[in-house]
Amino acid sequence: MGIPRSSAVGGGQGAAHLLAAPLSVVGGVLADRLSRKRLYVINFLTEAAMLAAFAGTALAGVETVAFVAGLALFVLQTAFEPAVLAYFFGVFPESERGRVWGVDGTVARAAGLLSPVLLGWLYGIDPQLPFLLGAGLVATGTVVATTLPNE
């Protein structure tokens, strides 16, 4: 009979988080040895690719492959998180960090409140749309990230 699909999805997501945690340690080492801005930009690229992969889960015949690819990219993306934080806090003067972090958090929370309604509506039109929209927005963020100053 096999594993129910919802259990397989939940198990895959749980396994991805278990793999991602130690990979963050590797990311911390990378952030100390490589350009943090470069890792910051790579983080955006990886997130855009992850969302595009999850959009592929709505395509018949490749759902499982797209889901596994999306989870693998999620795990890979977590390796860049230490560099993202280090770059973020390194690029702003100490006197401005709290204010910038507050604005970032406010925008993230507002998006967290509004996005389920918008994304749910888009999902009702086509299950790929929320992921494609996210991939496009993050790809735009990648372009913007390349214009930011070096650390």
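These figures come from a predicted structure and were not determined experimentally. (Residues numbered from 1 in each chain as written. Predicted model: local features only at pLDDT ≥ 70, side-chain atom pairs only at ≥ 80, totals over all residues. Heavy atoms only, no water.)

Undergrad: It is not clear to me how the packing of aromatic side chains should be interpreted in this structure. Could you clarify?
TA: To describe a pair of aromatic rings, one takes the distance between the centres and the angle between the planes. Counting across every chain of the model gives 8 aromatic pairs. Pairing Tyr-40 with Phe-44 gives two aromatic rings, centres 5.2 Å apart and planes at 75°, and the pair type is edge-to-face. You can see Tyr-40 and its partner Phe-44 sitting in helix α2 (residues 36-55), 4 residues apart, about one turn around the helix. Residue Tyr-40 is classed as buried on the basis of its relative accessible area of 12%. In this structure an aromatic cluster arises from ring pairing among Phe-88, Phe-89, Phe-92 and Trp-101. (Phe/Tyr/Trp six-rings, centres within 6.5 Å; stacked < 30°, edge-to-face > 60°. Helix = DSSP H or I, 4+ residues; strand = E, 2+ residues; numbered from the N terminus. Buried < 20%, exposed > 50% of the residue type's maximum accessible area, 1.4 Å probe, protein only.)

Undergrad: How should I be thinking about the nonpolar core in this particular structure?
TA: Across soluble globular proteins, you tend to see nonpolar side chains buried next to one another. Of all hydrophobic cores here, the largest spans 17 residues; its most connected members are Tyr-40 and Phe-74. For this core, the secondary-structure elements that each account for two or more residues are α1 (5-33), α2, α3 (63-78), α4 (81-91) and α6 (129-146). Per-element accounting of this core gives the leading share, 7 residues, to α2. (Core = buried A, V, L, I, M, F, W, Y, C linked by side-chain atoms within 4.5 Å.)

Undergrad: How should I be thinking about the pattern of salt bridges in this particular structure?
TA: Opposite charge on two side chains permits them to pair, given that their charged atoms come into close proximity. Tallied over the full model, the rule gives 2 salt bridges. Here Arg-36 makes a salt bridge to Asp-32, at a shortest N to O gap of 3.5 Å. Arg-36 gets classed as partly exposed once you look at its relative accessible area, which sits at 26%. Among the ionic pairs, Glu-96 bridges to Arg-99, the shortest N-O distance being 3.0 Å. A residue pair is termed a helical-turn pair when its members lie 3 or 4 positions apart in one helix, as Glu-96 and Arg-99 do in helix α5 (residues 94-125) at 3 residues. Owing to a relative accessible area of 55%, Arg-99 belongs among the exposed residues under this scheme. (Salt bridge = Lys/Arg side-chain N within 4 Å of Asp/Glu carboxyl O.)

Undergrad: I tried to follow the packing of α2 against α6 on my own but got confused; where do I start?
TA: Working note: a packed helix pair is described by the angle between its axes plus the distance between those axes. Put simply, α2 and α6 touch, their axes get as near as 8 Å, and they point 165° apart. For the element pair α2 / α6, the angle class is roughly antiparallel. Crossing of α2 over α6 shows left-handed handedness. Every residue of α6 that contacts α2 at Lys-37, Tyr-40, Val-41, Phe-44, Leu-45, Glu-47, Ala-48, Leu-51, Ala-52, Phe-54 and Ala-55 is listed here: Phe-131, Leu-132, Gly-134, Ala-135, Val-138, Ala-139, Gly-141, Thr-142, Ala-145 and Thr-146. A breakdown of the residues in the contact of α2 with α6 according to their chemical character gives 15 nonpolar, 4 polar and 2 charged. (Axes fitted to C-alpha atoms, helices over the stretch in contact; angles between N-to-C directions. Parallel < 35°, antiparallel > 145°, perpendicular 65-115°, else oblique. Left-handed = near helix turned anticlockwise from the far one by under 90°. Contact = heavy atoms within 4.5 Å. Nonpolar A, V, L, I, M, F, W, Y, C, P; charged D, E, K, R; others polar.)

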